[in-house]
Amino acid sequence: MNRLKFFALALIIVVAAQVKAFAAMPEISAGEMYFDVFKGIYVLKGNVHVAADNHGFKAKITADEAQVSVTKQKCWAEGHVKLEQDGINFGCDRAYLQWQTRTAEVTGSVKFVNKKSVTITSDTAVFNWKDKIVDFYGKVTVKAEKKLKFADGVKLDGKEYQHVQYNVVENTILALDKEFDAPEVNIPSVEDAE
């Protein structure tokens, strides 16, 4: 009987922490879904949908598989990952979102589309949604529309770059680097993430 009381208390604490962590509880659905009480994560498989509203940041994530920690405010997604926010779309193989640091790290066949102005492909990317700046790394290509702007001294002069920096709000390319010592973008496992 004591074990049942302990389990019930632990479940109440986890649920209370989830409600406090987000401005609104994320909407989570999948073909298969369960909550791992010991890790404190939702495990999602097949037709995954996560819609989050974290203090004004609204995003939708779809993937083949995902794990979501509501208490740590993190999401790991894998397989045909799509991230959507305000007319901006990311497609990739794997993504790691952290609501507290307001960052998304994406890897593998990255495709970024701002429907009004630009399509950028790369090997990896890091999106800081607080500053609305995206850094693309690896083999980076840029397909610009007429409405795309460029920072002073920056102009599109090639088809491939090693680093491109883009301001989403201002619709401006801030940097185009043909040679760049890119940081390694590693998505941690659920167990390794703090």
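Preceding block: the structure.
Just so you know, these numbers come straight off a predicted model, no measurement behind them.

Reading the values: rules and limits
Residues numbered from 1 in each chain as written. Predicted model: local features only at pLDDT ≥ 70, side-chain atom pairs only at ≥ 80, totals over all residues. Heavy atoms only, no water. Helix = DSSP H or I, 4+ residues; strand = E, 2+ residues; numbered from the N terminus. Buried < 20%, exposed > 50% of the residue type's maximum accessible area, 1.4 Å probe, protein only. Contact = heavy atoms within 4.5 Å. Core = buried A, V, L, I, M, F, W, Y, C linked by side-chain atoms within 4.5 Å. Pairing = 2+ DSSP bridges. Salt bridge = Lys/Arg side-chain N within 4 Å of Asp/Glu carboxyl O. Phe/Tyr/Trp six-rings, centres within 6.5 Å; stacked < 30°, edge-to-face > 60°.

Student: Provide a residue-level description of the overall build of the chain, including the pertinent values.
Tutor: Tallying secondary structure elements over the chain gives one helix and 12 strands in all. Going from the N terminus to the C terminus, the chain shows its helices and strands as α-β-β-β-β-β-β-β-β-β-β-β-β. With 194 residues in all, the chain has 43% of them scored as buried. Contacts in the chain between residues far apart in sequence, at least 24 positions, make up 40% of those at least 6 positions apart.

Student: Can you lay out the nonpolar core for me, pointing to particular residues and giving the numbers?
Tutor: Counting residues in each nonpolar core, the largest one holds 42 residues, and the members touching the most others are Leu 83, Phe 90, Phe 112, Ile 120, Phe 136, Val 164 and Tyr 166. Beyond its immediate chain neighbours, meaning those up to four positions away, Ile 120 contacts Val 110, Lys 111, Phe 112, Phe 136, Val 140, Thr 141, Val 142, Val 164, Tyr 166 and Ile 173. Ile 41, Val 43, Ile 187 and Val 190 belong to the second largest nonpolar core, which has six residues in total.

Student: Tell me about the pairing of strand β6 (residues 88–98), residues and numbers included.
Tutor: Counting buried positions along β6 gives nine out of 11 residues, so the element sits mostly inside the fold. Across 10 bridges, strand β5 (residues 74–85) lies against β6 in antiparallel orientation. Paired with Lys 74 across the two strands is Gln 98, which belongs to β6. Linkage of β5 to β6, two consecutive antiparallel strands, is achieved through a turn of two residues, within which Asp 86 is found at a positive phi near 50°. Here β6 runs beside strand β7 (residues 103–114); their pairing, made up of nine bridges, is antiparallel.

Student: Now, about unusual backbone geometry: what can you tell me, with residues and values included?
Tutor: Positive phi is not limited to glycine here, since Gln 73 has a value of about 55°. The residue Gln 73 is located in the loop between β4 (57–69) and β5 in this model. With phi around 55°, Arg 102 is a residue other than glycine that occupies positive phi space. Note on Arg 102: relative accessible area 32%, which makes it partly exposed.

Student: Talk me through the pattern of salt bridges; I want residue IDs and the actual numbers.
Tutor: As enumerated under the stated definition, the model contains three salt bridges in all. For the salt bridge of Lys 39 with Glu 191, the shortest nitrogen-to-oxygen distance reads 2.8 Å. Here Lys 39, found in the loop between β2 (32–36) and β3 (41–54), pairs with Glu 191, found in the segment after β12 (172–177); they are 152 residues apart in sequence, far enough to count as distant. Its relative accessible area of 54% is what places Glu 191 among the exposed residues. Glu 78 is paired through a salt bridge with Arg 94; the nearest N and O atoms lie 3.8 Å apart. With Glu 78 in strand β5 and Arg 94 in strand β6, the pair connects residues that are 16 residues apart, well separated along the chain.

Student: Could you give an account of the packing of aromatic side chains, with specific residues and numbers?
Tutor: Following the criterion strictly, the structure yields eight aromatic pairs and no others. Ring geometry for Trp 76 versus Tyr 96: centroids 5.4 Å apart, planes at 35°, classification tilted. Note that Trp 76 is positioned in strand β5 and Tyr 96 in strand β6, a separation of 20 residues in sequence. By relative accessible area, which is 8% here, Trp 76 ends up buried. Take Tyr 96: its relative accessible area is 4%, and that puts it in the buried class. Between the aromatic rings of Phe 112 and Tyr 166, the centroid separation amounts to 5.5 Å while the plane-to-plane angle is 70°, which identifies the pairing as edge-to-face. Note that Phe 112 is positioned in strand β7 and Tyr 166 in strand β11 (residues 161–167), a separation of 54 residues in sequence. Note on accessibility: Phe 112 and Tyr 166 belong to one class, buried.

Purely geometric numbers; function is a separate question.
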